[in-house]
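Listed here are the chains, written in short residue letters.
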Amino acid sequence: MEAIEPVQPPSVPSEYCGRWIAWNHDRTRIVASGATLTEARAAASQAGESRPFLTKAPEAHVRFVGGLR
Amino acid sequence: MRFPYQHYEIPASPVDGSTDLYRPEIPLHLIGESDELFLFGLLDTGADGVVIGRGVAETIGATLDENVRWTLRGLNSRSLKRSLVVSTLRSWMAKSLQPGECRLQS
């Protein structure tokens, strides 16, 4: 079976830190953003994307960490 | 299972000074009673379970049972009791949109 390399999606610029972002359905570009999921989704619709992929970009000064029990 | 991590540009991290953040995010297709969403979820091998936010649950028309409450605990050991039951979520499925990406089905 031929190995297929996954495609690296575009980077998310720091201007989106802490914001909900909407990708086009092919996940090749960011089409909109908003302070909330609802806002981002509505902005994506206005931009012509009816099935956006939504995610929240990391807060500028917040990091996930692991810890020892 | 192979999938690309999502790269975020960030202000310099207090942990290591890096301005690059990579997160293992996988595509999810949440289908509720009244709506559906395409989201990216964090693949966290250290988590015992999976949760979605109330806003997401309400958007797709999932029903929350306020009588069922669970305790969630994070790094600082602070416990939160939250209503987690999503009783009418019809399916939770991550679809592989490109060859080489992960595929999960419930």
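Asks: Help me understand the nonpolar core in this model?
Replies: Nonpolar side chains tend toward joint burial in soluble globular proteins. One finds A:Trp20, A:Ala22, A:Leu37, A:Leu54, B:Leu37, B:Leu39 and B:Val56 to be the most contacted residues of the largest nonpolar core, which totals 16 residues. Looking at this core, the elements with two or more residues in it are β1 (20-23), β2 (30-34) and α1 (37-46) of chain A together with β4 (36-42) and α1 (54-60) of chain B. Apart from the residues within four sequence positions on either side, B:Val56 is in contact with A:Leu37, B:Leu30, B:Leu37 and B:Leu39. Within the second largest apolar cluster, 13 residues are counted, among which are A:Tyr16, A:Trp23, A:Phe53 and B:Phe38.

Asks: Even after reading the chapter, I still don't get the environment of B:Glu9, so can you show me in this structure?
Replies: Looking at the element boundaries, B:Glu9 is found in strand β1 (residues 6-9). In this structure B:Glu9 comes out as partly exposed when scored by relative accessible area, which is 35%. Along the sequence, B:Glu9 and B:Gly41 sit 32 residues apart, while their C-alpha atoms lie 18 Å from each other. Ignoring anything within four residues of it in the chain, the contact list for B:Glu9 reads A:Ser11, A:Val12, A:Pro13, A:Ser14, A:Cys17 and B:Thr19.

Each value, and the rule that gives it
- Residues numbered from 1 in each chain as written.
- Chains lettered and ligands numbered in written order.
- Predicted model: local features only at pLDDT ≥ 70, side-chain atom pairs only at ≥ 80, totals over all residues.
- Heavy atoms only, no water.
- Core = buried A, V, L, I, M, F, W, Y, C linked by side-chain atoms within 4.5 Å.
- Buried < 20%, exposed > 50% of the residue type's maximum accessible area, 1.4 Å probe, protein only.
- Helix = DSSP H or I, 4+ residues; strand = E, 2+ residues; numbered from the N terminus.
- Contact = heavy atoms within 4.5 Å.

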